[in-house]
Amino acid sequence: MAANMLTKKTKFLAIAAVLVGVSVWFLLHPTHQAELADKRSKREAAGAATAGKAALSVEAIQPVAVQWPMTTTLNGSIFPWQEALVSAEIGGLRIQQVLADVGTQVRKGEPLVLLADETVKADVQKQMATVEKDKAALAEAKSNADRAREIRESGALSAQKINEYLIAEQTAVANLALSQAELENQKIRLRQTRVVAPDDGVVSSRSANLGNVVSSGAELFRLVRQSRIEWRGEVNADQQMAIHTGQVVNLILPGAKKVTGRVRLVAPTVDSNTRNALVYVDIPKDAAKPGMYVQGKIDVGQQQGLAVPLSAVTYRDGFAYVFELGQLGSQNTSKVTQRKVRTGRSRGEQIELLEGVAPHASMVLTGGAFLNDGDTVRVISTVKGGV
């Protein structure tokens, strides 16, 4: 039985060896190799035909050099050009009448507050009486001095007495001058009971209230001088070098309102805490309200840069790309290479390219959204860049 099983195994191995030999002969047979080569060439030809087929017909574009306006963006607040503080020059008097309020347009010398002046008027009357008294004393002293001078040579009066009369005359003159000066002082105090505007402007704050007893020097009003306002923008040391007096500033106010001003002054120093300097910009009256925090853009000149139409730039995954064209082949076909670029400013239908492509590179004008890196396109025309 064992011999019988061995015979079967031997037959199976013999048959398997024959099949393997036949298969090797078939694979190595020249006819079969020719068939494989023919199929391989057909596949390669089909692939080449597919690769050579253009995915899209496009127009070519090249970047152009353009002059880009350079702007510096600043932030700052609106301030009064200058503020005038209105205070009482006399103290201890009660406010009798308030003639202005916040927002009132006033003229220089216009009364804003009237103080109770009864006591001051009484002091004026009292001093006027003192002046009259001193005038009478002077008249008497002058009369005595004149008589003393007339009889000086006769010896009727002693030299000491004569000197007394002459000194009394001089004293009377001095007393009259003193009382007249004091009278003028009282008249000034009377005028100071009318608190007036020191300049033309608009009242920005008021602390004067009816019935208050004022102190000398206490603030009663605050005026925006000549109703003039300005914008003060903060600029760092690098930006400061490009800003000069007379440059145009465009302010963007709340509500998208725009106001144009001009640089009046650039601060000569930099704040030691913020490391920023202030730019003072004159703006039209009533164009904004003091206290507004607004953004401003200053034109600081022009700079040359490369620009392409907006349609040449494709955005994917938050990045900007262009499709650069390679060498043209048959039937004006070319492979495209996706280039990542960094863009800058835009103006109209143009956008600035800061880096990513060479200045003379040729790229796809439109249709980048339908292309991928390595696609073949057919270039139908070349458009002059920037048009």
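To keep things clear, this report deals only with the structure shown in the data block. A quick note: this is a predicted structure, and the numbers were derived from the prediction, not measured.

**With respect to unusual backbone geometry**
One non-glycine residue, Gln226, lies in the positive phi region at around 55°. With respect to the helices and strands, the residue Gln226 is situated in the loop between β9 (219-225) and β10 (229-236). Positive phi values are uncommon outside glycine, yet Arg275 reaches one of about 65°. When you line up the elements, Arg275 lands in the loop between β12 (257-266) and β13 (276-283).

**Here's the deal with the nonpolar core**
Core analysis: the biggest nonpolar cluster contains 23 residues, and Ile78, Trp231, Ile243, Val263, Val279, Ile283 and Ile298 have the highest contact counts within it. Those elements that provide at least two residues to this core are β2 (64-80), β10, β11 (248-253), β12, β13 and β14 (293-309). Looking at this core, the element that brings in the most residues is β13, giving 5 residues. With 20 residues, the next largest nonpolar core counts Val86, Val106, Leu115 and Ala208 among its residues.

**Description of helix α3 (residues 118-150)**
Over its 33 residues, α3 extends 49 Å from the first C-alpha to the last, a length consistent with the 48 Å expected when each residue adds 1.5 Å. Taken as a whole, α3 has its buried residues at Val120, Val124, Gln127, Val131, Asp134, Leu138, Ala141, Asn144, Ala145 and Ala148. Next to the buried residues of α3 lie α4 (159-191).

**Description of the sheet that holds strand β6 (residues 111-115)**
The sheet built from 3 strands is open, its strands ordered β4-β6-β7 with antiparallel pairing. The sheet terminates laterally at β4 (95-98) and β7 (194-196), the two strands that pair on one side only. Going from strand to strand, the sheet's axes swing by 20° on average, the running direction of each strand aside. Bridging between β6 and β7 involves 3 bridges; their strand directions are antiparallel. When the sheet's bridge partners are listed, Pro111 is paired in β7 with Val196.

**Describing the environment of Ala172**
Of note, Ala172 is situated in helix α4. With a relative accessible area of 7%, Ala172 lands in the buried category. Separated by 33 residues in sequence, Ala172 and Ala139 have C-alpha atoms that sit 8.3 Å apart. Setting aside chain neighbours within four positions, we find Ala172 in contact with Ala137, Leu138 and Ala141.

What counts and what doesn't
- Residues numbered from 1 in each chain as written.
- Predicted model: local features only at pLDDT ≥ 70, side-chain atom pairs only at ≥ 80, totals over all residues.
- Heavy atoms only, no water.
- Helix = DSSP H or I, 4+ residues; strand = E, 2+ residues; numbered from the N terminus.
- Core = buried A, V, L, I, M, F, W, Y, C linked by side-chain atoms within 4.5 Å.
- Buried < 20%, exposed > 50% of the residue type's maximum accessible area, 1.4 Å probe, protein only.
- Expected span 1.5 Å × (residues − 1).
- Contact = heavy atoms within 4.5 Å.
- Pairing = 2+ DSSP bridges.
- Axes fitted to C-alpha atoms, helices over the stretch in contact; angles between N-to-C directions.

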